[in-house]
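Tertiary structure, described
For reference, the chains in residue letters:
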Amino acid sequence: LPESPRYLCASGKQEKAMKAVRFMAKVNCREIPEDVMMACFEEENLGSYTMILSKEHKWATIGLPVLYFCNILIEFGFIIFLPLFFSSNVCGTSSVERELCSTLEQEDLINLVIATAGGVLGLLCALAFAQCIGRVVPMRVSSFLMVLSLLSLFFCVNDTFSLITTTIVKFLESFINSCIWIMIPESFPTNIRSTATGFINAWGKIGGVLGTTAVYLLFDISSNAVTGLFLVSSVIGFFSMMAYSRETKDEVLKDA
């Protein structure tokens, strides 16, 4: 299947864009006059990866995908990890010792609801902090707190401690993810914004697949192995955010 006519036209590929339009018309049993043309950009590099990897945008093109990859790995992995964490005898989360992958009980479901609610609160706080403070400082602080929160999962205290810790992790992952999606459109001009967004989103999808797969493969071996993977991802994300210094608050969006 051809790429979308809009993408091809934005990339300055007039002939390919018209070819895609005529293909769509043929599939839908419609005819297009031969003299119909599309008003496309003249530069064929528009929307290409060479532009988002240029000197002006390379730090955003490298830093944001790394941060997004790490955060989505944790977020999607946690979706699978939390029910296993609460339903198994991990870090004092179950007063009665149970087998791994046992059936969720009422208490486990309540804990899942509470922990998941942290994600909703993280979204709201991200919007407020981004508006009042900015993007870089809240992201750096939240990334550091994510490292500490995941590190604390190695310490088995009691049910309440485990619930609070996992709720904080859900809050932070939602906070970071929301801030990233605020920063992405602000970090790239209009003519390459879609390409950059797709590039960053692709790395997030890879992180999500790896995160969920890792939980399935590692949890039966050791829950600490899964927590360790999350911790390593959070550390990489933290250093990536420390290296990224561009503050986009109050910036005027550019067209090129």
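Residues numbered from 1 in each chain as written. Predicted model: local features only at pLDDT ≥ 70, side-chain atom pairs only at ≥ 80, totals over all residues. Heavy atoms only, no water.

Let's talk about the packing of aromatic side chains
With the rule as written, the count across this model stands at 13 aromatic pairs. For the pair Phe 69 and Trp 203, a centre-to-centre distance of 6.3 Å together with 80° between the ring planes defines the contact as edge-to-face. Residue Phe 69 is found in helix α4 (residues 58-87), and its partner Trp 203 is found in helix α8 (residues 190-218); the two are separated by 134 residues along the sequence. Overall, the relative accessible area of 37% leaves Trp 203 in the partly exposed class. Taking 5.7 Å as the distance between ring centres and 75° as the angle between the ring planes, the aromatic pair formed by Phe 85 and Phe 86 counts as edge-to-face. Taking relative accessible area as the criterion, Phe 85 reaches 1% and is therefore assigned buried. Residue Phe 86 is classed as buried on the basis of its relative accessible area, which comes to 1%. One aromatic cluster is present, built from ring pairs that chain together Phe 78, Phe 81, Phe 85, Phe 86, Phe 219 and Phe 230. (Phe/Tyr/Trp six-rings, centres within 6.5 Å; stacked < 30°, edge-to-face > 60°. Helix = DSSP H or I, 4+ residues; strand = E, 2+ residues; numbered from the N terminus. Buried < 20%, exposed > 50% of the residue type's maximum accessible area, 1.4 Å probe, protein only.)

Considering empty space enclosed by the protein
Scanning the entire structure with this criterion turns up one cavity of 30 Å³ or more. Approximately 70 Å³ is the volume attributed to the largest cavity. In this structure, the largest cavity is lined by Leu 67, Cys 70, Asn 71, Ile 74, Ser 143, Met 146, Ile 176, Ser 233, Ser 234 and Gly 237. Secondary-structure elements contributing two or more residues to the lining of the largest cavity are α4, α6 (136-152) and α9 (223-243). Grouping the constituent residues of the lining of the largest cavity by class yields five nonpolar, five polar and no charged. (1 Å grid on protein atoms, 1.4 Å probe; cavity = no way out; pocket = protein on both sides within 12 Å on 5 of 7 lines; lining within 4 Å. Points joined across faces, edges and corners; volume = space filled by probe spheres on them. Nonpolar A, V, L, I, M, F, W, Y, C, P; charged D, E, K, R; others polar.)

Focus: the pattern of salt bridges
Pairing is possible between side chains that carry opposite charge, provided their charged atoms lie close to one another. Within this structure, the stated rule accounts for three salt bridges. With a closest N to O distance of 2.8 Å, Glu 173 and Lys 170 form a salt bridge. Highlighted residues: Glu 173 and Lys 170, both in helix α7 (residues 159-187), separated by three residues, approximately one helical turn. Here Glu 173 falls in the buried class, since its relative accessible area comes to 2%. (Salt bridge = Lys/Arg side-chain N within 4 Å of Asp/Glu carboxyl O.)

Some points on the nonpolar core
A general feature of soluble globular proteins is that nonpolar side chains tend to end up buried together. Counting 48 residues, the largest nonpolar core has Leu 64, Phe 78, Phe 81, Met 139, Leu 150 and Phe 230 as its most contacted members. Contributions of two or more residues to this core are made by α3 (49-52), α4, α5 (106-132), α6, α7, α8 and α9. Here this core gets 16 residues from one element, more than from any other, and that element is α4. (Core = buried A, V, L, I, M, F, W, Y, C linked by side-chain atoms within 4.5 Å.)

So, helix α2 (residues 14-27)
Spanning 14 residues, α2 covers 20 Å between terminal C-alpha atoms, matching the ideal 20 Å at 1.5 Å per step. Of all the residues in α2, the buried ones are Ala 17, Met 18, Ala 20 and Ala 25. For α2, the arc enclosing every buried residue in end-on projection is 155°, short of the 170-degree limit, so these residues lie on one face. Facing away from the buried side of α2 by over 90 degrees, the exposed positions are Glu 15, Lys 16, Lys 19, Lys 26 and Val 27. Remark: Cys 29 follows α2 within two positions and exhibits a positive phi of approximately 60°. (Expected span 1.5 Å × (residues − 1). Arc of directions from axis to C-beta.)

A word on α8
An ideal rise of 1.5 Å per residue puts 42 Å on 29 residues; α8 measures up with 42 Å between its terminal C-alpha atoms. Residues of α8 that are buried: Ile 192, Arg 193, Thr 195, Ala 196, Ile 200, Gly 204, Gly 207, Gly 208, Gly 211, Thr 212, Ala 214 and Val 215.

Overview of the confidence of the model for the protein chain
In this model, the protein chain carries a mean pLDDT of 84, and residues with pLDDT of at least 70 account for 86%. For the protein chain, per-element mean pLDDT is lowest for helix α1 (residues 5-10), which scores 70, and highest for α6, which scores 95. (pLDDT = per-residue confidence, 0-100.)

Quick notes on the packing of α4 against α6
Interaxial distance between α4 and α6 falls to 13 Å at its minimum, and their mutual angle equals 40°. Comparing the axis directions of α4 and α6 gives the class oblique. Seen from above, α4 lies across α6 with left-handed handedness. Here Leu 67, Asn 71, Ile 74 and Phe 78 of α4 come into contact with α6, specifically with Met 139, Ser 143, Met 146 and Leu 150. Looking at the contact of α4 with α6 residue by residue, the classes come out as six nonpolar, two polar and no charged. (Axes fitted to C-alpha atoms, helices over the stretch in contact; angles between N-to-C directions. Parallel < 35°, antiparallel > 145°, perpendicular 65-115°, else oblique. Left-handed = near helix turned anticlockwise from the far one by under 90°. Contact = heavy atoms within 4.5 Å.)

Brief notes about unusual backbone geometry
A positive phi angle, near 60°, is found at Cys 29, a position not held by glycine. Looking at the secondary structure, you find Cys 29 in the loop between α2 and α3.

Looking at the packing of α4 against α9
At their nearest, the axes of α4 and α9 sit 8 Å apart, and the two run at 155° to each other. Taken together, α4 and α9 sit at an angle that is classed as roughly antiparallel. Here α4 runs over α9; the crossing is left-handed. Residues Gly 63, Val 66, Leu 67, Cys 70, Leu 73, Ile 74, Gly 77, Phe 78 and Phe 81 of α4 lie in contact with α9, whose contacting residues are Ser 223, Val 226, Thr 227, Leu 229, Phe 230, Ser 233, Ser 234, Ile 236, Gly 237, Ser 240 and Met 241. Per-class residue counts for the contact of α4 with α9 are 12 nonpolar, eight polar and no charged.

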